[in-house]
Amino acid sequence: MKTKSFYPLVVITCGLALAARGETFRTNINPALLYGQAFLLAPDLSRSDSDHLFTNNWQGQKLPQRVGNLLAGYDNQFKLVRQASRSTVPCEWGIDMSAGPATLLPGLARAKAVAVTTRLRVPWHLQNGRQADARDDLLAAFALARNAARDGTLISTLVQIAMEAINCSTIAANFGRFSPETLKQLADGLEALPARRTVAECLPTEKAFFHDWTHRKILELQQQNPGNDAKVMEGIHQLLGFEDPQERKTDLWQRLTQASGGTSEGVLKLLREREQVYERAELLLSLPYREYESQVKVFSEAIEKSPNPFVNESTPGFLKSRQREFRILATLAMVRAAIEYKLHGESGLKSVSDPCGQSPFAFQRFSFEGVDRGFELKSDFNADKNIVVLIFVEKEGPPFQVDGNYPGRALPKVVPQQ
């Protein structure tokens, strides 16, 4: 799995504001250490303050001073998140994965929370004329999203996707507030981010996480219980968490027992079959959108018909994750296309291709309640009747959804409390 080790453009783009202020910082610290410190500096908000910030939808409204005061409590956290984004060394989380599926990844929820907070800090910065701060918070949140996935697990990659989606939505909802200069700096910074972790790249880690770990544990059980395969099977039952009283777990154990012939050697054989599926899945998950769509149905049907529970219970998760990956790839490209359109007009728009199509994104002006509010980009992505649309808001007014399954749908207005 390849990652970028040095990010000189990010250092240049994101360091402009600090350089102008005469501030200095180290760029050779492992970003994970800085992120860990940043997570500790998140303010401990009261339930009332937290609800006020994060349960209200503030899009399109002038943020009240109370919101600004609460967001100021995150300044120290974002100082470290920004510094981490400028690091010139790789992000190494130091996660001990010897526990296999039980490995803890405590930083993921905190990383996503940074993106959620960025969604409010950006409009507050822009409302107060701080274009550079809005830019730096956004690029730092994008860098954290990429670095969050550095451990190579599927769940971390899905968090990366979720954070990128939040950040793209933040740009779209505030698009008209950014100056052309800031948009250009955002585009340059996005291009210079650490490489994205892909779903296909997660397969080796997931294989080590589950397949290799489980295989090793079963061999240990066999060595500990020679000639007593019933005891080994009991250990496998506990090892894989099938003691859970949920009906689905019970059914899954029954299917595994039947498919394995009720023996530990049969279970090992099923694991080896799953390893072969990993190899085929890695090739499929690496294909571009059109080729993937032409092959995934046959592959998916074969998985569903497999009598091997290790295969038909886990593999569909990778396929759903790949769909999410295509969505975010299209969304990221839409942000680039929107910036190019703002800076260079129609020629700029056409310079960015839809990764899920063979042409630029479909473009149209967007009106809300009879008033032109911006423009809409649409991808050719169309998996399971889901679409990818992003609305870039250029004019202030009543709030509406800029993305998701219902783009353009009205959102409730907040009656701010001072």
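Residues numbered from 1 in each chain as written. Predicted model: local features only at pLDDT ≥ 70, side-chain atom pairs only at ≥ 80, totals over all residues. Heavy atoms only, no water.

(A) Seen up close, the sheet that holds strand β2 (residues 371-378). As summarised here, the arrangement of the three strands in space is β1-β2-β3, forming an open sheet in which the pairing is antiparallel. Bordering the open sheet on either side are β1 (362-368) and β3 (389-393), each of which pairs with just one other strand. Pairs of neighbouring strands in the sheet enclose a mean axial angle of 30 degrees, with direction left out of account. In the sheet, β1 pairs with β2 via seven bridges, with the strands oriented antiparallel. Residue pairing in the sheet places Arg365 in a bridge with Phe375 of β2. Packed onto the sheet, helix α16 (residues 309-344) meets β1, β2 and β3 and runs at close to 35 degrees relative to β3. (Pairing = 2+ DSSP bridges. Helix = DSSP H or I, 4+ residues; strand = E, 2+ residues; numbered from the N terminus. Axes fitted to C-alpha atoms, helices over the stretch in contact; angles between N-to-C directions. Contact = heavy atoms within 4.5 Å.)

(B) Representation of the pattern of salt bridges in the model. Under the counting rule described, the total for this entry stands at 27 salt bridges. Residue Arg121 is joined to Asp137 by a salt bridge in which the shortest nitrogen-to-oxygen separation is 2.7 Å. In this pair, Arg121 is assigned in helix α7 (residues 107-127) and Asp137 in helix α8 (residues 131-148), connecting sequence segments 16 residues apart. Take Arg121 and Asp137: they sit in the same class, and that class is buried. In this structure, Arg255 and Glu313 form a salt bridge, with 3.0 Å as the shortest nitrogen-oxygen distance. Placement of the pair is Arg255 in helix α13 (residues 247-260) and Glu313 in helix α16, with a sequence separation of 58 residues. Exposure remark for Arg255: the relative accessible area of 26% places this residue in the partly exposed category. Each of Asp75, Arg82, Arg121, Arg130, Asp133, Arg135, Asp136 and Asp137 takes part in salt bridges that share partners, so that together they form one network. (Salt bridge = Lys/Arg side-chain N within 4 Å of Asp/Glu carboxyl O. Buried < 20%, exposed > 50% of the residue type's maximum accessible area, 1.4 Å probe, protein only.)

(C) Quick peek at helix α3 (residues 31-40). Buried within α3 are the following residues: Pro31, Ala32, Leu34, Tyr35, Ala38 and Phe39. Axial view of α3: buried residues confined to an arc of 155 degrees, hence all on one face. Every exposed residue of α3 that faces more than 90 degrees away from the buried side is listed here: Leu33 and Leu40. In this structure, the buried residues of α3 make contact with α6 (75-85), α7 and α8. (Arc of directions from axis to C-beta.)

(D) Representation of the state of the cysteines in the model. Under the definition given, this model contains zero disulfides. Free cysteine Cys168: the closest other cysteine sulfur is in Cys356, separated by 13 Å. Look at Cys168 and you get buried, because its relative accessible area is 0%. By relative accessible area, which is 1% here, Cys356 ends up buried. (Disulfide = S-S within 2.5 Å.)

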